[in-house]
Structure formats: structure tokens, C-alpha cells
Amino acid sequence: MRIHELAKQLEMTSKELIERLQKLNFPVKSHMSVVDEESAEIIKHEIADLENKEIKENVVEVDFPITVKDLAVKLDKKPSEILKFLLNKGKFCTINQNLNDELAKEVAYCYKINLREKPLKEEQILAVEPKDLRKRGPVVTLMGHIDHGKTSILDHIRKSRIAQKETGGITQHIGAYRIELDKGGITFLDTPGHETFTAMRARGANITDIVVLVVAADDGVKPQTQEACDHAKEAGVPIIVAINKIDKSNADVDMTKQHLSKIKLVPEDWGGDIVTVKVSAKTGEGIDELLEIILIQADLMELKADYLRPAVGVVVEARLSKGKGPLVSVLLQEGKLKKADFCVCGLYWGRVKAIYDDRNNFLVECLPSYPAEILGLNGVPNPGDKFFVVPDENTAKEIVRRRKQEIERKKVVAPVHMKLEDLYAKVKEDKLKKLKVILKADVGGTLEAVESALEKMGTSEVKIEIIHKGVGSLLSSDVLLAEASDAVLVGFKVGIEANARDFAKAKGIEIRTYQIVYELIDDIKLALEGLLTPVIKRIFLGRALVKKAFKLSRGIVAGCVVEKGKIQRGVHSELTRGKDVIFKGKISSLKRFKDDVKEVVEGMECGITLDYKDVMEGDYIDAFLEETVERKL
């Protein structure tokens, strides 16, 4: 075979082929040079390897999805050429149509270009190795039922600490307060209720270190207490219980502890692990002890922050001031925030013009676990948005631009949260071994019965976790918790609040309601079966004996004879030497003489290629299929 004939087979010109062969040090002089069949096969494989290497090295970074027009610019091709290629693939596209990453990479590969997504600058900025880890103060949120005294406790702490000037001060100014004690400082977050707490967590802002659950001694555990407890547990935050209003004549601490035990908050003096403190926001009794216990808990948690990295924090609240413009209250988590730093927050960016503390004093810098109010952003972000410092103005603008593009893209498709049918797919990705459920029913008796039936369905391998339960309609707060925890919402003989329905639709969260208990149980059972790891059944196909191993540039080719059954290309295989299995993988290629074939039957010779470089004469290659068998409860 002459070089020009081989070039035609490889769909290139003789000149291009000769240039590639010269790179590979093949002694070829002209397009009329002659090569034998064996050399031609080696050349084909070597050229393919060279092209793959060139493609891997020829990297072009883009943002996905990418329009046909932008892709053409990146590939230095005419848009009409790209559209023609897509049409040949059966894809009818317009010049301004977005292509997903898979399709765009396929197009680029045909032009010998390796398309790669641009790394997100924000990920690079946030993923910094710690340099100076030091102790920081705890961030505390007070939660509980309405009128149980959350605000009163905070008010007492605030007033008493301002009066005692020598031990520090605290002022409610920016939604978070900082108090300084002899043994350390504490930051209190002013978050009105568990819904705000969960809304911030749903946005990825786990800023609370400790939750103080306030329970009135004269009222005990109430529905909102239960909800607050469920939200705190789901966040994985330590809980300290403050039993308030002990100064009242009808206060019953033992009754309150009994109620707490029923919601799985067993006090330490009752053999549990929950610290309880008896306090009175009216008289101030127990407040100092509560603050001391918070600091002890913080010491046990060994809270630390990196003081040298670029500042990172979370928005507590934001407002638009007539005289100053956007004012953003942030809680710093890492690093030091300084005046003149460039920063990004949600969909906005800016340069810090001024920093105020929680007493409205000017600051030069702000440290981890400290609340601060900053001036300089070009808009008002949402509570829970991540705040971080970037190197320069261009970086800030680029990050905000990409975020806005991502939002525009997501407007087309609603976000998809957990659905019962999705559980099996989740398991395959090793993301889930339990089904989280938020359960609502019409009455307490029914709720208890359904809960009992669901809990009995779990096994040692998979289980149902009811993260919240209650009586009454499904509410917006339930949807918020489902968003934060990726749980399924299940209602039995209950309605759905109008706002909750719209909220769930906007967030892409599924709500299931039932009127017949057997339908509810059957659906959950199917979901749990999806959680069970499937059994992989192996079906033997055949065995081949390695007669000789050929070393080629593309790897080792095993010359074999099929002793039993048949060998197929692309199936699972095991390479056995003596009694040991030394390699497991797929059969990457199968040949009869020089032809690629799909299978070779018993008694015939063949060439087998594995992704393994130590195949030897006398080895055995076993081929088999794998079948997935779903398990039942």
C-alpha cells in the first residue's frame, strides 16, 4: 500500500500524513512510498494516538451552555459550518441556540479541540488552604414558641451588659449583637423564628454554631417548640434548652422536662445529653449561668477560623438607606474584612467604603464571628447570601456577571428536588441511604398511626427518617424545611396552604397528599425499595487462553484461543494467572486477524486488548455479563 492510499483511508492529505509520520520518526520520503499491511495497521494506531494526544493538549475554555455563534468563534469556524455538522447529527439548531456541554464537546472534538468549562473564580477564591487558624467566639440563635421569652432574654442580656461597662456592651443595631465576657465573646443572631433560620440554611448559610431553645416553664413544649427543635436537629447544631419564666407561680420545671423528653430532648439530670438551664428574663436569674454554659459548649466544639485568608461571611440583613445607599449587615466567618476591600455578595459587588460595628462605631477591620455593617455594595442582597472578598474589581464584575447568566438560564427550568421516583438514581450515586419525610395529618391519632406504620418499614440497610411531623395543613415553613433538607412532603387527609403550593412549585419541590392510608404506605414502600442496593448478577459468557502476548505501541494485544463459550467486545472480564485474579475490566477491543469483531465463539482464535499492560502467555481471560436485580422489602 502506498502512502497516498493510506492517507485516503485516514481521511487526510498525503502531506498531512507525511508530516505526522515524521513526528513519529517513520522513514517515509514521499506519497509514493510503499508500506506493508502490518506497518499500515501500526501507522493507523499511532496516528490515532497522536491525534488524541493533540486534542487533549489543544484545550479551549468556555462557559456552558454556549450558543452556536459563540462556539463558532471559540473554534475559529463559521457558524454555518457548525450548524451543518449539527444537522448531520439530527440536531436542528439556530445560531443563538444554547448547546449543553456534552454536545458542544462533541462538536469541538471533531475539530480536534478539547473543550473545557472555565473554572469558577469564586470556587478558587473560597477554596483556600488555612494559614492562621485561631479560636473564635460562638454564634448563637435563640429559637422557640411565640411568647416563651426569646426577646425578653435577649433584652435582659443587652441591658445588663450595657450597664456593666467593665465587662462589655451590646446594642441591637444590625440584626446581630456582640457581647464580651471575661472568658470570651458571644454573638447573638436576631433571627425572628425558625422559618428565617431555615431559609438561611436553605441558601447554604450554616452560620449558627449553637441553638438556645427557649421553653416557658408554665406552658411546656408547644408546636413551634417542636418545629424549632426539628429545624435545629436537621441543621446538626448543638441545642441548649433555656427553661424560662421560672419566677411565675404556676411554673412547673419537671413538667417541662417531661415534655422535652417526649420530643427526644432528654435533660442531663434525667439521664440524657441535653443541657437545661432554669432562667428568668424578668429577674435575671440563671442568665449568667446560661452565658457560661454557651461558652463551655463553644470550648468543647473548638471553634476556629482562619484570620489571614480573604474575608468570607454571610448576610444577616440588608437595607437601603436614603443618605448612604445599600447597607449590608454581615457576620464574618473567616479572614479579616478591611476598608477598601473589593467584595461580592449575591448578585452585587462593590468596594467597602465604611465598616460599622453593632454600636454604629467606625471600624478599620472586622474579625471572624463579629457582626458588622458595610457600605459600598451596588445593590441590596438577600439574607443568607455569601459575602466574600476578591482580589480586584474585574474579578468581582466577572463573578456577578456569571451568576446573573446562571439565573437567566435557570428561569427556563424549575429546580428539581427530591421525588419518590428519584430515590433509586440517588442511591446509585451513593448520596442517600435513608428517606427523609415531613409528615402532616388531619388529627393527632391519625398522625401517630401513620408515623408508626412508616417507622416499621425500615430495615438495617435503609430507613425512614421523619424530620418533622404535625397536625394541620402543609405550610410554607414545611416547604422551606423540605428545601433545606431535601425531604419529601407527605400529607394525609390535609390540604395545602395556597402560598405553600405556589412556593413549592417555584422551588420545584414535590408535595404528595393521600386520602387512603394504603396508597401512602405503598408509595413509601416503593421508595424504600429504591433505596436498597441492587444485587449484581453475573452471567458467564466464555473463557479464552492467552497463547501469546504482542507488545504494540497502543498496548498489549493478547493472542488467544476461546476454550469455552464465547468472548464479546465491551463486556466485563477478569484476567486470571494461576489462582489469582490480577485484573478486572472491560474488553476494549476484539479482533479476528485484522478485522474488528463483536464476538468470537468457542474453538476460534482472536486478539483481545485489555486496559492492562502485564498480560502473559498462559493467562486466562473470563468474559461475563452483569445484570442488575432490584431487591424487594
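Each value, and the rule that gives it
- Residues numbered from 1 in each chain as written.
- Predicted model: local features only at pLDDT ≥ 70, side-chain atom pairs only at ≥ 80, totals over all residues.
- Heavy atoms only, no water.
- 1 Å grid on protein atoms, 1.4 Å probe; cavity = no way out; pocket = protein on both sides within 12 Å on 5 of 7 lines; lining within 4 Å.
- Points joined across faces, edges and corners; volume = space filled by probe spheres on them.
- Helix = DSSP H or I, 4+ residues; strand = E, 2+ residues; numbered from the N terminus.
- Nonpolar A, V, L, I, M, F, W, Y, C, P; charged D, E, K, R; others polar.
- Pairing = 2+ DSSP bridges.
- Buried < 20%, exposed > 50% of the residue type's maximum accessible area, 1.4 Å probe, protein only.
- Arc of directions from axis to C-beta.
- Expected span 1.5 Å × (residues − 1).
- Axes fitted to C-alpha atoms, helices over the stretch in contact; angles between N-to-C directions.
- Phe/Tyr/Trp six-rings, centres within 6.5 Å; stacked < 30°, edge-to-face > 60°.
- Lys NZ or Arg CZ within 6 Å of the ring centre and 35° of its normal.
- Salt bridge = Lys/Arg side-chain N within 4 Å of Asp/Glu carboxyl O.
- Parallel < 35°, antiparallel > 145°, perpendicular 65-115°, else oblique.
- Left-handed = near helix turned anticlockwise from the far one by under 90°.
- Contact = heavy atoms within 4.5 Å.

Novice: For the layout of surface pockets, give the residues involved together with the corresponding values.
Specialist: One number sums up the size of the second largest pocket: a volume of about 620 Å³. Lining the second largest pocket are 22 residues, with Phe550, Val557, Lys591, Phe593 and Lys594 sitting closest to its centre. Top element by residues in the lining of the second largest pocket is strand S27 (residues 555-568). It accounts for 5 residues. The residue makeup of the lining of the second largest pocket, split by class, is 9 nonpolar, 5 polar and 8 charged.

Novice: Explain the pairing of strand S17 (residues 348-356) to me, and be specific about the residues and the numbers.
Specialist: Both strand S16 (residues 342-345) and S17 contribute to a ladder of 4 bridges, which runs antiparallel. From the neighbouring strand, Phe342 faces S17, where its bridge partner is Arg351. Across 2 bridges, the pairing between S17 and strand S18 (residues 362-363) is antiparallel. Considered in S18, the bridge of Tyr356 is made with Phe362. The turn linking S17 back onto S18 is made up of 5 residues, and Asn360 within it adopts a positive phi angle of 70 degrees.

Novice: Kindly report on helix H2 (residues 14-23), identifying the contributing residues and their values.
Specialist: Those residues of H2 that fall on the buried side of the exposure criterion are Ser14, Leu17, Ile18, Arg20 and Leu21. Looking straight down H2, one finds its buried side chains confined to an arc of 165 degrees; they lie on one side. Facing away from the buried side of H2 by over 90 degrees, the exposed positions are Lys15 and Lys23.

Novice: Lay out helix H12 (residues 287-301) with the relevant residues and their values.
Specialist: An α-helical turn contains 3.6 residues, so a residue and the one three or four places further along point in the same direction. Along its 15 residues, H12 runs 21 Å from first to last C-alpha, staying within 8% of the 21 Å computed at 1.5 Å per residue. Residues Ile287, Leu290, Leu291, Ile293, Ile294, Leu295 and Ala298 constitute the buried set of H12. Backbone geometry just downstream of H12 places Glu302 in the positive-phi region, at approximately 50 degrees.

Novice: Explain the sheet that holds strand S8 (residues 184-189) to me, and be specific about the residues and the numbers.
Specialist: The sheet built from 6 strands is open, its strands ordered S7-S8-S6-S9-S10-S11 with mixed pairing. Each edge of the open sheet is held by one strand with a lone partner, namely strand S7 (176-181) and strand S11 (275-278). The average undirected angle you get between the axes of adjacent strands in this sheet is 30 degrees. With 6 bridges joining them, S7 and S8 adopt antiparallel strand pairing.

Novice: Break down the packing of aromatic side chains for me, with residues and values.
Specialist: For the structure shown, the criterion picks out 2 aromatic pairs. A centroid spacing of 4.9 Å and a plane angle of 40 degrees characterise the contact between Tyr356 and Phe362, whose relative ring orientation is tilted. Judged by its relative accessible area of 64%, Phe362 falls in the exposed class. Ring plane angle 25 degrees and centroid distance 5.2 Å describe the contact between Phe583 and Tyr612, whose orientation is recorded as stacked. Taken together, the positions of Phe583 in strand S29 (residues 580-592) and Tyr612 in the loop between strand S32 (605-610) and strand S33 (620-629) put the pair 29 residues apart, joining distant regions of the chain. Above the ring of Tyr307, the side-chain terminus of Arg134 is found at 4.1 Å from the ring centroid. Residue placement shows Arg178 over the ring face of Tyr370; its charged tip is 4.0 Å from the ring centre.

Novice: Describe the pattern of salt bridges, with residues and values.
Specialist: One pass over the structure, following the stated rule, counts 26 salt bridges. Between Arg401 and Glu398 there is a salt bridge, with its nearest N and O atoms 2.8 Å apart. Of the two residues, Arg401 and Glu398 both sit in helix H13 (residues 393-410), 3 residues apart, roughly one turn of that helix. Its relative accessible area of 33% is what places Arg401 among the partly exposed residues.

Novice: Explain the packing of helix H4 (residues 68-75) against helix H5 (residues 79-88) to me, and be specific about the residues and the numbers.
Specialist: Packed helix pairs are characterised by how far apart their axes lie and by the angle those axes make with each other. Closest axis-to-axis distance for the H4/H5 pair is 8 Å, and the angle between their directions is 110 degrees. What the angle tells us is that H4 and H5 run roughly perpendicular. In the crossing of H4 with H5, the sense of the turn from one axis to the other is right-handed. Across from Val68, Leu71, Ala72 and Leu75 in H4, the residues of H5 making contact are Pro79, Ile82, Leu83 and Leu86. Looking at the contact of H4 with H5, its residues break down into 8 nonpolar, no polar and no charged.

Novice: Can you break down the sheet that holds strand S24 (residues 488-492) residue by residue, with the values?
Specialist: Read from one edge to the other, the open sheet built from 4 strands follows the order S23-S22-S24-S25, with strand pairing classed as parallel. Strands at the two margins of the open sheet, each flanked by one partner only, are strand S23 (463-471) and strand S25 (511-514). Strand-to-strand twist in this sheet, taken as the mean axis angle between neighbours without regard to direction, amounts to 25 degrees. Examined bridge by bridge, S24 and S25 share 4 bridges and lie parallel to one another. Each bridged residue has a counterpart across the sheet, and for Gly491 the counterpart in S25 is Thr513. Its contacts with the sheet put helix H15 (residues 444-455) on strand S22 (434-441), S23 and S24, and the angle it makes with S23 is roughly 175 degrees.

Novice: I'd like to hear about the pairing of strand S20 (residues 371-377), residue by residue, with values.
Specialist: Where burial is concerned, most of S20 is hidden: 7 out of the 7 residues are buried. As paired elements, strand S14 (residues 325-334) and S20 share 5 bridges and run antiparallel to each other. Following the sheet pairing, Ser329 is matched in S20 by Glu373. Of the strand pairs in this sheet, S17 and S20 are connected by 4 bridges, and their pairing is antiparallel. Bridge pairing links Ile355 to Ile374 in S20.

Novice: Quick rundown of the packing of helix H16 (residues 476-485) against helix H17 (residues 498-507)? Include the residues and the values.
Specialist: The interhelical angle for the contact between H16 and H17, taken along N-to-C directions, is 20 degrees, at an axis separation of 8 Å. Considered as vectors, H16 and H17 are oriented roughly parallel to each other. Once H16 is placed against H17, the crossing between them reads as right-handed. In contact with Ser476, Val479, Leu480 and Glu483 of H16, H17 contributes Asn499, Ala500, Phe503, Ala504 and Lys507. Among the residues forming the contact of H16 with H17, the class breakdown is 5 nonpolar, 2 polar and 2 charged.

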